[in-house]
Amino acid sequence: MDFTLSNAPEYALKNIYTLQQIWLERCDVIENNQKGSYSRHLLLILHDLREEINNNKERFYKNAYGKKFFKLQISTYCSFKKEQIDDLDRIKRDWTQEVNQELYFINEALSDNNSKFELEDILILIKRIEEKITSENSFGKVINLLYEKILERDLNEEQIEFIVDTIIILFNSKGVLELKLILKEQFQKFEDILTDPKQNYLYPLLFGSPSRYTKSIDEHKEELRRYYEASSIKKRLNFIKEIYCLESQVYKVIFNITGVEFTNKIDIGNVELYRPQVDGKYIKKHDRLYSDFEDNSDYCVAVDIRGVDSKFMSIKATQMAERTIAILSTRNSKDQAIILSSDWIICDSQGEVRACRFKGREQPQPLSADFSQNNQDRLGKWISSEDKCHTTVAKWLASVDWYRRATEASQSSEEILNSWFAVEKFSDDSKTLCKRIPELSDALKTKKKIFKENIDLWLDGDIRTVQLLLVLSELKFSLYHKVRQAGRIFIKPLTSDEMNISKSIDQKLQDYLSTNKNEIDFLKKIIEKVHEIKQQLESQSIILPDLNQIYEIFYINDYCEKYLIEKIIDLKDDVYNIYRIRNMLVHSSRTTSKLLDYYAKRSREYCHSLLDAIAYKIYQTSSDDEIMPLDFYFREMVIDANIALEAVKENKMDKFRNWALS
């Protein structure tokens, strides 16, 4: 039956609500480059594989890690493999049925077989795959998959998350970035339609809603009611396809510019530098709300851009304007910086404003000052003594300088290069480092055969040890952070919902958790009481997935081992991709990777984790005479991690807990 919102069963309406929550969450995650599985999505992987072959073919041909990484990621979308697959792989393969043969040939070309396709053949295969899976028909199939899933009684949230990621990435590939409200708008109910204060105008959000024209307000309201009631769940989802198929239009993105002076209008391609008071204005004069943007500036830049999404157009226009300014800059430009405004206005060919951004002042980020007075005093002496401090401290401080440059970088390319250089400096101190990671337990080898070939694969040369150090330091940080985030609700709730959850445990347990001496003590209390907290919440039908996972990680050794191996594989692959993109920037001076921003953020985060781990080792000493060479601390990190991970296999979880929170 083709349900509407008024006659759909309760479970379907509940699934739609869950879908809307997942949609908002995934839009946030992808827009803000947060860590997530979408970084391994087929559309993004294929784009980066093509770039490797086009710009780095010789090195890539010899790179066993690179070929294996891309092969393993693509194989999850292929239905030719005979092993048991989970629900997530099943939905991936449903989506790629039409290109299964092409994916098989790419896997063949990336293998070590003698009789196979070559790397050059991959470029043709990728082109064919992309044409098929980004087509309007293919997008329609994704929407149909989503429709089928939300009508299932037991919603598989992992599958829904993948489908939503696919829709978002497909939209992004067409230059549509502002997606947060699209799903909510298509599921708007008639009674939720906004009106103006006098109720003379209605503002429907559902795609294709009829316009008022000359109709009376009552006639228009009745027409909208019929339209909304006739729009089934399937039809509402299909409206998203209609939006995907919209034709782009040409707009002007207008910026203010300072630090320049010119007497004639400058036209370079689609970029125009002009004087509004002399050369004329593009924004309609009667639009007083926005016309001041040109009136208050002696010089402006207008960029012609084709698109449907203001955010995408503003980003592309900013890039084009900045490049034009860079080309026009003189040798003495440093004396008088040419500055493009971060504010902008987008108008159509008639001068009607379609979008704008007036950023205003950003709130400053709070500084962290969690270390003791003694550590502050020691740090002050090290910084003041310049090159006279301990060699280990001097190397750490030098890397901190590069990390700071990464945090202040305006471009992702600078961020990834500076943060990588900060950790690459440690390669000389880790040349002879043991590369050991515990063997998989027999149970895990049997369940996940793919783990074995993946866990054994590491980068070659000195970089391999840097990869290992980044993986271990970030693994430990992520465990620590996961406990801290779940525990925060019980001492620092931020919302009314969190407040209610924190009060759902008995007073005795609340008091025990709140009387913490420091963060480490508090985290240990959370781990100690996690099962009790979980039981008390569940008795009131409150489920906290993050809290449940913490219990499984820190107390259920089978789950913990699988979780840790998956994290290690993800982290070492992240480091490979950071290094790969870094090499592309160094050797080719540019990259077209759609994951540049994503891996720039990961690079900076992982760099911080390693620097923080080194700082922890240094601060543990009572005086500078006790500070050891860096390679000693690196060896300790590897040994401690291996002891903790071996303890998990032997179900000695207390050892693992002590390591994770130390």
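What counts, and where the lines are drawn
- Residues numbered from 1 in each chain as written.
- Predicted model: local features only at pLDDT ≥ 70, side-chain atom pairs only at ≥ 80, totals over all residues.
- Heavy atoms only, no water.
- Helix = DSSP H or I, 4+ residues; strand = E, 2+ residues; numbered from the N terminus.
- Contact = heavy atoms within 4.5 Å.
- Patch = residues over 30% accessible without salt bridge, like charges linked within 9 Å, V, L, I, M, F, W, Y side chains within 5 Å.
- Areas by Shrake-Rupley, 256 points an atom, 1.4 Å probe, with all protein chains shown as cover.
- Salt bridge = Lys/Arg side-chain N within 4 Å of Asp/Glu carboxyl O.
- Lys, Arg positive; Asp, Glu negative; His and termini not counted.
- Charge placed at Lys NZ, Arg CZ, Asp CG, Glu CD.
- Buried < 20%, exposed > 50% of the residue type's maximum accessible area, 1.4 Å probe, protein only.
- Pairing = 2+ DSSP bridges.
- Polar contact = N/O pair within 3.5 Å; in protein donor to acceptor, adjacent residues only side chain to side chain.

Section: the environment of Q20
Here Q20 is to be found in helix α1 (residues 10–31). Sequence separation between Q20 and V164 is 144 residues; the distance between their C-alpha atoms is 9.9 Å. With residues up to four places along the chain from it excluded, the contact list for Q20 reads L183, K184 and F187.

Thoughts on a positive patch on the surface
Taken together, the side chains of K316, R323, R590 and K594 define a basic patch exposed on the protein surface. Tracing the backbone shows K316 in helix α14 (residues 310–328).

Notes on unusual backbone geometry
Residues other than glycine predominantly adopt negative phi, and peptide bonds predominantly adopt the trans conformation. A positive phi angle is found at N33, which is not glycine, with a value near 55 degrees. For S541, which is not glycine, the phi torsion reads 60 degrees and is therefore positive. One can find S541 in the loop between α23 (519–538) and α24 (545–555).

As for the environment of S441
Considering the arrangement of structural elements, one finds S441 in the loop between α17 (412–424) and α18 (442–447). Beyond its immediate stretch of four places on either side in the chain, S441 contacts E561 and K649.

A look at the pattern of salt bridges
Inspection of the entire model under this criterion finds 41 salt bridges. The partner of D28 in a salt bridge is K180, and the shortest N-O contact between them spans 2.8 Å. Linking D28 in helix α1 with K180 in the loop between α8 (157–173) and α9 (182–186), this pair joins segments that are 152 residues apart in sequence. Assessed through its relative accessible area of 27%, D28 is described here as partly exposed. Classification of K180 by relative accessible area gives partly exposed; the value is 34%.

Things to note about the pairing of strand β5 (residues 271–274)
Burial of the side chains of β5 extends over both faces: V271 and L273 are buried on one face and E272 and Y274 on the other. Direction of pairing for strand β4 (residues 266–268) relative to β5: antiparallel, over a ladder of three bridges. Across the sheet, I266 pairs through a bridge with L273, a residue of β5. In sequence, β4 turns back onto β5 through a hairpin of two residues, with G269 there showing a positive phi of about 60 degrees. Across four bridges, β5 lies against strand β6 (residues 300–307) in antiparallel orientation. Opposite Y274, over in β6, you have C300 as the bridge partner.

Some details on the side chain of Q549
The residue Q549 is located in helix α24 in this model. Q549 sits in the buried class, given a relative accessible area of 19%. Of the polar contacts made by the side chain of Q549, one reaches the side chain of K482; its length is 2.9 Å. A polar atom in the side chain of Q549 sits 3.1 Å from the side chain of Y559. Look past the residues within four positions of Q549 in its chain and what remains in contact with it is K482, Y559 and Y563.

Treat this as a map of the structure, not an account of what it does.
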